Each structure stands twice: as structure tokens, then as C-alpha cells.
Number of protein chains: 2
Amino acid sequence: MSQGKLDPASIPNDGLTTRQRRMIPITAVHTGPGKGKSTAAFGMAMRAWNQGMNIGVFQFVKSAKWKVGEEAVMRRLGELHEATDEGGPVQWHKMGEGWSWSRKKGSEEDHAAAAAEGWAEIKRRIENEEHDFYVLDEFTYPIKWGWIDVDDVVETLANRPGRQHIVMTGRDADPKLVEVADLVTEMTKIKHPMDVGRKGQKGIEW
Amino acid sequence: MSQGKLDPASIPNDGLTTRQRRMIPITAVHTGPGKGKSTAAFGMAMRAWNQGMNIGVFQFVKSAKWKVGEEAVMRRLGELHEATDEGGPVQWHKMGEGWSWSRKKGSEEDHAAAAAEGWAEIKRRIENEEHDFYVLDEFTYPIKWGWIDVDDVVETLANRPGRQHIVMTGRDADPKLVEVADLVTEMTKIKHPMDVGRKGQKGIEW
């Protein structure tokens, strides 16, 4: 089967067959100051859902207002899976209102602890291979602010078992994250309606 | 209601109220050599669907293989709308297999004519306000190759009636498209698994 425009430029001399190389899980980072970092990650999750993958979304943000559209649709796709076995299961966890698995609700004062708790849970899930596709949304910020140890993240990602795909989003990705990732895209803002005084629009911005 | 991080940097002196400014339809371009241009556009479409918008997707590509996941999910969301009135209606049209509204099937020989025909139909729909949210996927290429007149596109977009949002994707966007757009994002490839000889993966690349 022809791979068309996605043919690799060169075949590496790494002793792996194409099939083995295909089984390597993707580690992706969407960074840069432009729009579309999270939106593209949720678009990828939509595609992974369609392949029957088990999706886990983890939002490292105070308020998830700007992602309500994606959340509604991804949750709806998860319900479809429950009802009809189409696609895969979907879990959507938010730090902002206290992680759903955590007993510490409303701990808004201590974002650092909440972020560390989120990462500890994700690490546990990765070690147990609980999801096939992880979206770690706005994950670069708690790393940047020192709330999550980037070396721990890199080691966990580099040594993870099985075939778990991981997409991380946020500006100013740590160089170590870029180093461990194999798909890194920078979104650059060329022009934005906010620049000319227009506010976010329902259905467009959130 | 606070707009948080999406507050405009400055309020323009254009005589419009914030509400009037909010009603201006978005014209977006996702360009650049990186990944995520189309994926982010479909993520936006997912969000627009959730707001009940009428979605029209037009793919200016020969083979739509790489978008089957998005297509499956968007079509499924369209079916959900038909069945339960959730979200909005979805139409997905592909040039590659002959536009669905066209009688000229299998006209693979004449891509230029097929592209021009696609644009003529989109222009007609824009004039009739048939959709709320248009994805013109890989639309920059037929423009680049001279198959679609960029001045006609710019004039149509600039003078379109009502509140129709339009997102265009593809590399090397014509400067006139960038000029008429108010949201332009460039996706830059920092690192890609194809660079190290890995092929596209099911559920990730398509």
C-alpha cells in the first residue's frame, strides 16, 4: 500500500522493521504562542477515538471555559461508545474543579499541589497502561513553574510500557520535552482578531 | 462576565459596539509547513457543531485518506444531529471522488476544472448563506496553482452576507488570503517522526 506524501524521507538503519517502527507510540508537543495547540490535540483525540482507542484527557488549567465545546463533543463520543460500542471510551479530567478522582475538592489555593497530584495520577496510569491516547492539555505551564519535575516526566515518557500515545500542549515547552518528543509543532500567531479589539466568540473561541 | 486571558489588548475606535464586533464572522487561515493545520480546523468545526452551527466541509485534495478519522467523526456528529437534534447539521464534500453535487464523476484528469467547480459551488453557498461554518481544506493549493482566482476568493469573503465563519488550510497561503483573514496561524514543524524514517500510524496520522 502506497503511503503517498507521508513516505519517510529515509529509512533509518536502526535494526527495526517498518512494522516495529510503526508500533512505536507517538509523543507529540504542540507549543508556540499561536492558536490551535489544544484544538489540534483534540482533533487528534477525535481521530484516535474513531480507531477505538481509550482516550484520557487531563486539563492543567484553572478554568476550562475555553474548551467546553471540545469537552462536550468528546464526552458525547464517550457516551456513544458506552451506548453503541462505536469508537473508544473517553475520560475527561480537569484540575480546575479538583481532579475527579481526588478527595481534595476546591483546593484552588494550592495549584502547585493539584498539578503535582495530577501528574502523579497520570504517571500511575501510564505505568498501568490505562489509556491508549493521552491529551495533557496546557501541561507545559506546571512544568515551567516548577510544580512538576520535567526530568520525572521525560523518564516516565521515555520508559513507558506498551503503545500509549501522548500529546502535550502549551506555550514555552521545556527543551527536555521537545527532546523526548518525536512530533513537535510550533503554532505561531500571524494575526489574531483580539489584536483589533474583537473578543472571543461562542463556537469559535470556546 | 470576565473574558480572562482573551481580553482584547485594546479597544478599537471603529464606532462598533463590542456586541457588533462580536458578530463579525471569523475568517481564519491555518498555514505553514507543520502538522495540525487541518486537525485544528476540524477541532474548530467540532466546537462549532456543539453550538448548533451548520457545518460545511470542502476538501480540495485528491485522496482524503489522511482525513478519514475526522470525516467519520464529523459525519457521525451530523447523524447525531439528524437523530436527536443535538449540535448542528454536517456536510462533508470531497473533490477527490468528484464533488457529491456534481454530475461529472471520476473527472480525475482535470483537477483544475474540479477545483474551480468546487469554488463556484462554495461561492454560491456563501452568497445564499447555506452554512454557518465552512472548512475549506487544502484550499491554498488550487489557489497557488492558479486554478482558483484569489481575487475572486478575497472579494467573496470580504463581501459575504450574514455571519458565516470560514477556515482555510494549506501551506503557502497567498498573501491576499492572509490579508483578508483576521485569524492566521502558522504551523511550523520542529520535529516529525517521518524525519527518522517512521511511517504514518493509523489513528495518529489518519
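Residues numbered from 1 in each chain as written. Chains lettered and ligands numbered in written order. Predicted model: local features only at pLDDT ≥ 70, side-chain atom pairs only at ≥ 80, totals over all residues. Heavy atoms only, no water.

- Chain A is annotated in an unreviewed UniProt entry as Cobinamide adenolsyltransferase from Corynebacterium lactis RW2-5.

1. Regarding the packing of helix α2 (residues 37–50) of chain B against helix α3 (residues 68–84) of chain B
Residue and element names in this part refer to chain B.
Okay, so step 1: One can describe the packing of α2 onto α3 by two numbers: an axis separation of 11 Å at closest approach and a directional angle of 10 degrees. Here α3 runs roughly parallel to α2, going by the angle between their axes. Two secondary-structure elements touch here, α2 through T39, F42, A45, M46 and W49 and α3 through E70, M74, L77, G78, L80 and H81.
Okay, so step 2: A breakdown of the residues in the contact of α2 with α3 according to their chemical character gives seven nonpolar, three polar and one charged. (Axes fitted to C-alpha atoms, helices over the stretch in contact; angles between N-to-C directions. Helix = DSSP H or I, 4+ residues; strand = E, 2+ residues; numbered from the N terminus. Parallel < 35°, antiparallel > 145°, perpendicular 65-115°, else oblique. Contact = heavy atoms within 4.5 Å. Nonpolar A, V, L, I, M, F, W, Y, C, P; charged D, E, K, R; others polar.)

2. Some remarks on the packing of aromatic side chains
Okay, so step 1: Taken as a whole, this structure holds 18 aromatic pairs over all chains when the rule is applied.
Okay, so step 2: Measuring from centroid to centroid gives 5.2 Å for F60 of chain B and W99 of chain B, while their planes differ by 65 degrees, and the two rings are edge-to-face. Remark: W99 of chain B occurs in the loop between β3 (90–94) and α4 (111–127) and F60 of chain B occurs in the loop between β2 (55–59) and α3; sequence separation between them is 39 residues.
Okay, so step 3: Looking at F60 of chain B, the relative accessible area reads 5%, which means it is buried.
Okay, so step 4: An aromatic cluster is present here, built from F58, F60, W99, W101, W119, Y134 and F139 of chain A joined pairwise through their rings. (Phe/Tyr/Trp six-rings, centres within 6.5 Å; stacked < 30°, edge-to-face > 60°. Buried < 20%, exposed > 50% of the residue type's maximum accessible area, 1.4 Å probe, protein only.)

3. Quick look at the environment of V135 of chain B
Okay, so step 1: Tracing the backbone shows V135 of chain B in strand β4 (residues 133–137).
Okay, so step 2: When near neighbours in sequence (up to four residues on either side) are disregarded, V135 of chain B contacts A41, F42, A45, G56, V57, F58 and V167 of chain B.

4. Considering the pairing of strand β3 (residues 90–94) of chain A
One face of the sheet, then the other: side chains in a regular strand alternate in exactly this way.
Residues and elements named next belong to chain A.
Okay, so step 1: Of all five residues that make up β3, four are buried, and the element is covered over most of its length.
Okay, so step 2: In the sheet, strand β2 (residues 55–59) pairs with β3 via five bridges, with the strands oriented parallel. Along β3, the bridge assignment pairs G56 with Q91. (Pairing = 2+ DSSP bridges.)

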